[in-house]
Amino acid sequence: QVQLVESGGGLVQAGGSLRLSCAASGRTFSDYNMGWFRQAPGKEREFVAIITWSGGSTDYADSVKGRFTISRNNAKNTVYLQMNSLKPEDTAVYYCAAGRTNWVTRSRARSYDYWGQGTQVTVSS
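To keep things clear, this report deals only with the structure shown in the data block. (Residues numbered from 1 in each chain as written. Predicted model: local features only at pLDDT ≥ 70, side-chain atom pairs only at ≥ 80, totals over all residues. Heavy atoms only, no water.)

For the chain, the helix and strand inventory stands at zero helices and 11 strands. Ordered by position from N to C terminus, the α and β elements of the chain give β-β-β-β-β-β-β-β-β-β-β. On C-alpha atoms alone, the chain measures out to a radius of gyration of 13 Å, which is about the 14 Å that the 2.2 N^0.38 rule sets for 125 residues. For the chain, with 125 residues in total, the buried portion stands at 46%. Sequence separation of at least 24 residues holds for 58% of the intrachain contacts in the chain that already meet a minimum separation of 6. Here the chain displays about 6,300 Å² of accessible surface, and carbon together with sulfur accounts for 44% of that area. The positive charge centre, built from 14 side chains, and the negative charge centre, built from 9, are 3 Å apart in the chain. (Helix = DSSP H or I, 4+ residues; strand = E, 2+ residues; numbered from the N terminus. Rg over C-alpha atoms; globule rule 2.2 N^0.38 Å. Buried < 20%, exposed > 50% of the residue type's maximum accessible area, 1.4 Å probe, protein only. Contact = heavy atoms within 4.5 Å. Areas by Shrake-Rupley, 256 points an atom, 1.4 Å probe, with all protein chains shown as cover. Lys, Arg positive; Asp, Glu negative; His and termini not counted. Charge placed at Lys NZ, Arg CZ, Asp CG, Glu CD.)

What follows is the structure, encoded as structure tokens:
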């Protein structure tokens, strides 16, 4: 089992920045690829970003490329999502997830085994 706890969400004005953190406990954190997803009211959960277990590879949804950066610190069992130039359409609950994901299916929520409880991000216009 892996337990994931997100933090860092909040209310920010458009154009602002937030840094989300996801602290992991339980099984070896560095065994897992880590992803961030988000879900807005009335919408399906969507992929935001992924970082491989070593941190050597990352990928992003087109909607956040150039604005968001995913990183991890395996010594601290933590993954981060730096979000810059935030837009109102970024408003959602953000979830981190862990899994031994196949790179081909990296954007699919069902490819991940463990999920955090989510943190709310609200961007005002």
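Having seen the model, we can carry on.
Right, let's get into the pairing of strand β1 (residues 2-7). Along β1, the buried face is formed by Val2, Leu4 and Glu6; none of Gln3, Val5 and Ser7, which line the opposite face, is buried. Of the pairings in the sheet, the one linking β1 to strand β3 (residues 18-26) comprises six bridges and is antiparallel in character. Residue pairing in the sheet places glutamine 3 in a bridge with serine 25 of β3. (Pairing = 2+ DSSP bridges.)

With respect to the element layout, aspartate 90 can be found in the loop between β8 (78-83) and β9 (92-99). Looking at aspartate 90, its side chain comes within polar contact range of the side chain of arginine 38, at 2.9 Å. Not counting residues within four places of it along the chain, the set of residues in contact with aspartate 90 comprises Arg38, Arg67, Phe68, Ser85, Val121 and Val123. (Polar contact = N/O pair within 3.5 Å; in protein donor to acceptor, adjacent residues only side chain to side chain.)

What the rule picks out here adds up to one disulfide. Here cysteine 22 is linked by a disulfide to cysteine 96, with a sulfur-sulfur distance of 1.9 Å. The S-S bond linking cysteine 22 to cysteine 96 shows a torsion near 50 degrees; that makes this disulfide right-handed. A residue pair is termed long-range when its members are at least 10 positions apart, and cysteine 22 in strand β3 and cysteine 96 in strand β9 qualify at 74 residues. (Disulfide = S-S within 2.5 Å.)

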